[in-house]
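Descriptive structure summary
Chain by chain, the residues:
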Amino acid sequence: MRIALSQLTTGPRPEENLELVAEQTRRAAAAGARVVVFPEATMAWFGTSLAPVAEPLDGPWATAVRQIAEESGLVVVAGMFTPAPDGKVTNTLLATGPGVEASYDKIHLYDAFGFAESDTVAPGSRVVTIDVDGLRLGLATCYDVRFPELFRAHADAGAVASLLPASWGAGPGKREQWELLTRARALDATVWLAAVGQADPAASGIAVPSKAPTGIGHSALIGPDGTVRERLDEGPGLLLGEIDTDEVASVRRAVPVLANRRPAVIEGTARPEPSERHG
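Because the structure is predicted, anything quoted here is derived from the model rather than measured.

What counts and how
Residues numbered from 1 in each chain as written. Predicted model: local features only at pLDDT ≥ 70, side-chain atom pairs only at ≥ 80, totals over all residues. Heavy atoms only, no water. 1 Å grid on protein atoms, 1.4 Å probe; cavity = no way out; pocket = protein on both sides within 12 Å on 5 of 7 lines; lining within 4 Å. Points joined across faces, edges and corners; volume = space filled by probe spheres on them. Nonpolar A, V, L, I, M, F, W, Y, C, P; charged D, E, K, R; others polar. Buried < 20%, exposed > 50% of the residue type's maximum accessible area, 1.4 Å probe, protein only. Helix = DSSP H or I, 4+ residues; strand = E, 2+ residues; numbered from the N terminus. Pairing = 2+ DSSP bridges. Salt bridge = Lys/Arg side-chain N within 4 Å of Asp/Glu carboxyl O.

**Digging into the layout of surface pockets**
Empty space within the largest pocket amounts to approximately 300 Å³. Split into classes, the residues belonging to the lining of the largest pocket amount to nine nonpolar, six polar and three charged.

**Observations concerning the pairing of strand β3 (residues 75-83)**
Taken across its nine residues, β3 has eight buried, putting it largely inside the fold. Relative to β3, strand β2 (residues 35-37) runs parallel, the two being bridged by three bridges. Residue Val36 lies in a different strand from β3, and its bridge partner there is Val76. In terms of strand pairing, β3 meets strand β4 (residues 89-97) through eight bridges, oriented antiparallel. Its bridge partner lying in β4, Thr82 is registered against Thr90. With antiparallel pairing between neighbouring strands as the criterion, β3 and β4 make up a hairpin whose turn holds five residues, including Asp86 at a positive phi of roughly 60°.

**Some words on the pattern of salt bridges**
Overall, the coordinates contain 13 salt bridges when judged by the stated rule. Put simply, Arg229 and Asp225 hold a salt bridge, and the shortest N to O gap is 3.0 Å. For Asp225, a relative accessible area of 33% gives the class partly exposed. For the salt bridge of Arg229 with Glu247, the shortest nitrogen-to-oxygen distance reads 2.4 Å.

**Points about the environment of Ala112**
Residue placement: Ala112 occurs in strand β6 (residues 111-112). Along the chain, Ala112 and Tyr143 lie 31 residues apart, while their C-alpha atoms are 9.3 Å from each other.

**Quick word on empty space enclosed by the protein**
In the structure shown here, the tally under the stated rule is two cavities of 30 Å³ or more. Of the pockets and cavities examined, the largest cavity occupies roughly 40 Å³. What lines the largest cavity is Tyr110, Cys142, Tyr143, Arg146, Trp168, Gly169 and Lys174. Tallied by class, the residues present in the lining of the largest cavity amount to four nonpolar, one polar and two charged. Taken as a whole, the second largest cavity encloses approximately 40 Å³ of empty space. Residue lining of the second largest cavity: Glu40, Phe46, Lys106, Tyr110, Phe115, Glu117, Cys142, Ser167 and Pro213, and that is the complete set. Across the lining of the second largest cavity, the residue classes break down as five nonpolar, one polar and three charged.

Keep in mind these numbers describe shape, not what the thing actually does.
This is the structure:
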């Protein structure tokens, strides 16, 4: 299956970002992709006041993305914000297109490196997968990449690939961490990993709002053996690659880390594996 990763820099205005989604989806369709994945915060970049832009999944922004997906015949995965209790929002991935309608709320919030996502964002709790052309794909977002159990849960649910939209924070060593973590998660779960980040705003001459995590680029498609098959630099771009399910089966035969797992034991207490839920 051909997949497209759209590395772009979004801004604070959801309606303008929709124009980027439409243009990039048309390009992906013309290149023969079946799925196009956009970054976290495609709706509006971090540094924006999120509560005023958040909309429900049946609101105008998500409805427009559905229309784009329907017109292109592709499955579109894009980051948005939906309302949550107590004035907060959820950091949501919308996955929509022919035969697909699902959403994933980011489980692990970015309370690290001096940024507190949980101040304005409520965490999700469900592991979510989608099925496209008979292939199961897991959904994850940005900081989730530091938690290998989520990607193993995708594999346990039958996924052959995980889609990881992100808006990675800049800083010393952060690019190296991004590259290490994405490769490790593919290898941990023996899945293809489509890691698509916001482009580095500086690459387009855009001023960054405060210390918000607005992206460093370096999106990549990583094989189930942890090797990078396709990658981008820091600037905007559209990456195209192929997901080969036969390779997943081959790697899992050679390195059966999922089959070889045993419950961890800490001070004599067995730790259960994470629960499986998909939809």
